[in-house]
Amino acid sequence: MSRSDNRMSETDAQTSSELSSVERSRLVTVARRFFLEDRSKVEIAQELGYSRFKVARMLEQARALGIVTITLHDHGTIDADLSARLAAHLGLQDAIVVESDDDESRQRVGTAAAELLGATLRPGEVVGMAWGRTLSAMVESMPSLPRVSVVQLTGAVGSNLEDSPVEIVRRVALNSGGTAQPIFAPLVVDDAATATALRRQPDVAQALRMFDDITTAVVAVGSWDPPASQLRATMNAEDRDDLFARGVRAEIAAILLGADGSRIAPDFAERCISITADQLSRIPRVVGVAGGAVKAGAVLAVARAGLFTELVTDRQLAEVILAGPAVENAPAQRAERREAT
């Protein structure tokens, strides 16, 4: 080892603030050549009169002292290994896990779901669309789709037109050049008799008849504990508190579920203009779209109920789920329900 190499070894133990301006300048020069100018270590060594081993140590020191920091901009990329592990853990046919942070999770997950549909939908399919903020983000990023028919899975909730299922169905159909079958009715009404009357309305009845022809459904997931559900937020306090006391912890397309995946409150379902759990379980492909660790429990409930076949989510949610026990028998439960109907 040369004398200069010995001096470098002694400097390795220093902090950045202890470096002389000359020493710091040398590290910056080497780092600039390597990281910004894409020069090889041999080229740098020849130019500056160092050995290539010294150049390698200087690069290591520059990173150790914080003179060089490396940021990997991986948001929106798919973690293939984590995706495969999550699918196996939940008993799903497929899963997509994207890198994201909390602030942009909805947009990243929505974009990934849009790209998935763009790559996998086939001409002539009947696509059922639910509603929610992540699905609205998905529509914003939707690539060109093949010609498909699009049907609304539930009535409307709230007054935000951007998140309305009618608007989501309209925009997806417009993108594909196919037909749209909206439901111009509220999702929840006061009593079962009113819901029955609405289901007889010609436009609503036409949408309901299409449910048995759906080949791909796309649904959001709502969490009731912790609360992250637009349906829950729009309910009156009496209904909300009653349903929570009866064990509701998650919902998907107005289907209320307990933490174990059991169906809760069939009387509430009678007041809804929506696809039923039995109808949803018969659809060959159901893509769940949800992000954020806050919805991990709700996603587990839906998986335990066997109500979706695929999931698009983010790392935060995936890691929470993978830290717990795997979901058992979900595919078998789904197959049994199909055979029974």
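Treat the numbers as computed from the prediction; the structure is a model and nothing was measured.

From N to C terminus, the protein chain includes 17 helices and 11 strands. Burial statistics for the protein chain: of 341 residues in total, 48% are counted as buried. The long-range fraction of contacts in the protein chain, counting pairs at least 24 apart against all pairs at least 6 apart in sequence, stands at 69%. Per element, the accessible surface of the protein chain, about 16,300 Å² overall, is 49% carbon and sulfur.

Topologically, Thr313 is positioned in strand β11 (residues 310-314). Ignoring sequence-local partners within four residues, the contact set of Thr313 consists of Leu86, Ile96, Val97, Val98, Val109, Ala290 and Gly291.

Turning our attention to the packing of aromatic side chains. For any pair of aromatic rings, geometry is given as the distance between the ring centres together with the angle between the planes. Under the criterion given, the structure shown has 1 aromatic pair. Ring plane angle 90° and centroid distance 5.0 Å describe the contact between Phe34 and Phe35, whose orientation is recorded as edge-to-face. With relative accessibility at 26%, the residue Phe34 sits in the partly exposed group. When the ring centre of Tyr50 is taken as origin, the NZ or CZ atom of Lys54, which lies over that ring, is 4.0 Å away. Over the aromatic face of Phe244 sits the side chain of Arg249, whose NZ or CZ is 3.8 Å from the ring centroid.

Trans is the common state for peptide bonds, and a negative phi is the common state for residues other than glycine. In this structure, the amide linkage connecting Asp225 to the following residue, Pro226, adopts the cis form with an omega of 5°. Note that Pro226 resides in the loop between β6 (222-224) and β7 (227-228). At Asp38, a residue that is not glycine, the phi angle is positive and equals roughly 60°. Mapped onto the fold, Asp38 is located in the loop between α2 (21-36) and α3 (41-48). We note that Ala253 has phi near 50°; this positive angle belongs to a residue other than glycine. Residue position: Ala253 is located in the loop between β8 (250-252) and β9 (255-257).

Taking every second residue as pointing to the same face, both faces of strand β2 (residues 126-129) are buried, with Val126 and Gly128 on one and Val127 and Met129 on the other. Note that β2 and strand β3 (residues 149-152) share 4 bridges and pair parallel. When the bridges of β3 are listed, Met129 appears paired with Gln152. Traced from β2 through helix α7 (residues 133-140) to β3, the parallel crossover comes out right-handed.

Our next topic: the nonpolar core. Counting 93 residues, the largest nonpolar core has Leu90, Met138 and Phe308 as the members making the most contacts within it. The greatest single-element share of this core, amounting to 8 residues, is contributed by helix α15 (residues 296-305). The contact partners of Met138, leaving out residues within four places of it in the chain, are Gly110, Ala113, Ala114, Leu117, Met129 and Val218. One finds Leu19, Leu27, Ile44 and Val55 within the second-largest nonpolar core, a separate group that totals 13 residues.

For the rest of this paragraph, the subject is the sheet that holds β7. Spatial strand order, β7-β6-β8-β9: 4 strands in an open sheet with antiparallel pairing. Each having just a single partner strand, β7 and β9 make up the two edges of the open sheet. With 2 bridges joining them, β6 and β8 adopt antiparallel strand pairing. Bridging from a neighbouring strand, Ser223 pairs with Ala250 of β8.

Mapped onto the elements of the fold, Ala298 is located in helix α15. Looking at Ala298, the relative accessible area reads 1%, which means it is buried. Separated by 38 residues in sequence, Ala298 and Asp260 place their C-alpha atoms 9.7 Å apart.

The parallel open sheet is built from 7 strands, whose spatial order is β1-β11-β10-β5-β2-β3-β4. Edge positions in the sheet fall to β1 (94-98) and β4 (180-181), since each of these pairs with one other strand and no more. With 3 bridges joining them, strand β10 (residues 285-289) and β11 adopt parallel strand pairing. Looking across to β11, one finds that Gly288 is bridged to Leu311. Sheet strands in contact with α7 are β2, β5 (216-220) and β10, and its direction is about 125° off that of β5.

Scoring rules and cut-offs
Residues numbered from 1 in each chain as written. Predicted model: local features only at pLDDT ≥ 70, side-chain atom pairs only at ≥ 80, totals over all residues. Heavy atoms only, no water. Helix = DSSP H or I, 4+ residues; strand = E, 2+ residues; numbered from the N terminus. Buried < 20%, exposed > 50% of the residue type's maximum accessible area, 1.4 Å probe, protein only. Contact = heavy atoms within 4.5 Å. Areas by Shrake-Rupley, 256 points an atom, 1.4 Å probe, with all protein chains shown as cover. Phe/Tyr/Trp six-rings, centres within 6.5 Å; stacked < 30°, edge-to-face > 60°. Lys NZ or Arg CZ within 6 Å of the ring centre and 35° of its normal. Pairing = 2+ DSSP bridges. Right-handed = clockwise from strand over helix to strand, strands pointing away. Core = buried A, V, L, I, M, F, W, Y, C linked by side-chain atoms within 4.5 Å. Axes fitted to C-alpha atoms, helices over the stretch in contact; angles between N-to-C directions.

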